[in-house]
Amino acid sequence: MNWLRDWMMPLAASEHAKKVDDLYIFTFWLMLAFFILIVYLTVLFPLKYKRKKEGVMTINFSHNLALELAWSVIPLILVIGLFFWGFNDYVESRVHQNDAIEVHVTANKWNWAFEYPDGSRSIKALHVPVNKPVRLILTSEDVLHAFFIPALRTKTDVIPGRYVELPFTATVAGKHQVFCAEYCGRGHSGMFAELYVDTPEQYETFLKEGPEEFKTMPLVELGKFTYNEAGCKSCHTIDGTKSEGPSFKNLWGKSEKLRDGSSVTVDESYIRESILNPTAKVVAGYEPVMPSFQGLLRDRQILGVIEYIKSLK
Ligand SMILES: [Cu+2]
């Protein structure tokens, strides 16, 4: 039924999507056949059995058991068949593969954020390798959303305070659209994301270099994004107040006193070292509690943070 599927349905980017389409197409033609039959009989019978001569009566039927059984039992068998066909496909589509790549998805008004097994993140763009099982683990920070990938014919509610899972294996490389399919407020209609089904090489590059917007975003903006997204803001303020760690305000170029009594000028390499190897030089008056971000931030993100700190004068 390949040609029929291509003719009737939009791109199906997974085996599951093809199965959904087959069932849909079968149901469609079945209903069309019944529709034609019923309309045909509705027109035919009044014409055929119209009283043609005054005084001539049809013999009095009460019912026809065989006919009634036929029109009850045949449709019953058909709909039960459709149920099990659909139920079977649905259950199959929700079976989790053991070696699936787990991606965490966080929905908020009106954004989709993704976090990958290696800690990398992306926003509004989900990258997965082609032909590899993927398991999304989704939650919402505010209201009910729904993660809908039409090309995969799959969808799930995303519920605040709960994790839901969505397994899939995309088989067609390229860019597919993701929608929010649950009305969630003013920005609902713009709550998109792109699903990038990558070749293995593209996926590796993505993990190494980050999403496209990391390469194109102005450095200061990327730094601000990283500051908010990577959790720096839970320990570093930008308004000069002391928190878990020193504030980033007026940090650039300052001479910083270290725990061991020496001092250091805050420049590019010092910031870089502080991010990748925070315990190498510990600022006086603070505990060495900062985790290393080695491997978690892309080079361009670190450059961004440096530029961002420079901008906080
Ligand atoms: Cu939404």
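Scoring rules and cut-offs
- Residues numbered from 1 in each chain as written.
- Predicted model: local features only at pLDDT ≥ 70, side-chain atom pairs only at ≥ 80, totals over all residues.
- Pairing = 2+ DSSP bridges.
- Helix = DSSP H or I, 4+ residues; strand = E, 2+ residues; numbered from the N terminus.
- Domains from an automatic or database assignment.
- Contact = placed C-beta atoms within 7 Å.
- Nonpolar A, V, L, I, M, F, W, Y, C, P; charged D, E, K, R; others polar.
- Buried ≥ 20, exposed ≤ 12 C-beta atoms within 10 Å, placed from the backbone.
- Axes fitted to C-alpha atoms, helices over the stretch in contact; angles between N-to-C directions.
- Expected span 1.5 Å × (residues − 1).
- Parallel < 35°, antiparallel > 145°, perpendicular 65-115°, else oblique.
- Left-handed = near helix turned anticlockwise from the far one by under 90°.

A.B. asks: What's the story with the pairing of strand β7 (residues 154-158) in this structure? I'm lost.
C.D. replies: Remember that side chains alternate between the two faces of the sheet whenever the strand is regular. Inspection of the sheet shows strand β6 (residues 145-149) paired to β7 by five bridges, in the antiparallel sense. Bridging from a neighbouring strand, Ala146 pairs with Asp157 of β7. Adjacent in sequence and paired antiparallel, β6 and β7 are bridged by four residues, among which Arg153 carries a positive phi angle near 50 degrees.

A.B. asks: Hey, could you run me through the domain arrangement of the protein in this one?
C.D. replies: Often the size quoted for an interface is simply the accessible area lost on bringing the parts together. Under the domain assignment, the protein is made up of domain 1 (2-40 + 65-93), domain 2 (101-209) and domain 3 (217-311). Centre-to-centre, using C-alpha coordinates, domain 1 lies 30 Å away from domain 2. Each side of the interface is counted separately: domain 1 has ten residues, and domain 2 has twelve residues. Looking at the side of domain 1 that touches domain 2 element by element, the count peaks at four residues for helix α2 (residues 15-48). Per-class residue counts for the side of domain 1 that touches domain 2 are six nonpolar, three polar and one charged.

A.B. asks: What should I look at first to understand helix α6 (residues 219-229) in this one?
C.D. replies: Structural remark: α-helix, 3.6 residues per turn; residues separated by three or four positions point the same way. Buried within α6 we find Leu222, Gly223, Lys224, Thr226 and Tyr227. Contacts from the buried residues of α6 go to α5 (212-216) and α8 (299-311). A positive backbone phi angle near 95 degrees is found at Gly231, which sits one or two residues after α6.

A.B. asks: What exactly am I supposed to notice about unusual backbone geometry here?
C.D. replies: Excluding glycine, a negative phi dihedral is what most residues carry, and trans is how most peptide bonds are arranged. Here the bond from Lys109 into Trp110 is cis, since omega is 0 degrees, no more than 30 degrees from zero. With respect to the helices and strands, Trp110 occurs in the loop between β1 (101-108) and β2 (111-115). Positive phi, close to 50 degrees, is recorded for Arg153, a residue that is not glycine. Residue placement: Arg153 occurs in the loop between β6 and β7. With 22 C-beta atoms packed within 10 Å, Arg153 lands in the buried category.

A.B. asks: Help me out: how do you make sense of the sheet that holds strand β8 (residues 164-168) in this one?
C.D. replies: The strands making up a sheet are joined through hydrogen bonds of the backbone, oriented either antiparallel or parallel. Spatially, five strands are ordered β3-β2-β1-β5-β8 in an open sheet, and the strand pairing comes out mixed. In the strand order of this sheet, the two ends are held by β3 (121-123) and β8, each with one partner. Here the strands of the sheet are splayed against their neighbours by 25 degrees on average, with no regard to which way each runs. Across three bridges, the pairing between β2 and β3 is antiparallel. Bridge pairing in β3 places Glu115 opposite Arg121.

A.B. asks: Help me understand α8 in this model?
C.D. replies: Along its 13 residues, α8 runs 19 Å from first to last C-alpha, staying within 8% of the 18 Å computed at 1.5 Å per residue. The set of residues buried in α8 consists of Gln301, Gly304, Val305, Ile306, Tyr308 and Ile309.

A.B. asks: Any chance you could explain the environment of Glu287 here in plain terms?
C.D. replies: Examined against the element boundaries, Glu287 turns out to sit in the loop between α7 (268-276) and α8. Given 10 C-beta atoms within a 10 Å radius, Glu287 is considered exposed. Remark: the alpha-carbon pair of Glu287 and Gly245, spanning 42 residues in sequence, is separated by 8.2 Å.

A.B. asks: Would you mind going over the packing of α7 against α8 with me for this structure?
C.D. replies: Think of two packed helices as two axes; the pair is described by the angle between the axes and how far apart they sit. Orientation of α7 relative to α8, taken along the N-to-C sense of each, is 120 degrees, at an axis distance of 10 Å. In terms of orientation, α7 and α8 fall into the oblique class. Crossing of α7 over α8 shows right-handed handedness. Note on element contacts: α8 touches α7 through Ile302, Val305, Ile306 and Ile309, opposite Glu268, Ile271, Arg272 and Ile275. Among the residues forming the contact of α7 with α8, the class breakdown is six nonpolar, no polar and two charged.

A.B. asks: Whenever I open this one, the environment of Ser120 confuses me. Can you help?
C.D. replies: If you trace the backbone, Ser120 turns up in the loop between β2 and β3. Remark: the alpha-carbon pair of Ser120 and Pro211, spanning 91 residues in sequence, is separated by 9.2 Å. Once residues lying within four places of it in the same chain are set aside, the contact partners of Ser120 are Leu207 and Gly210.

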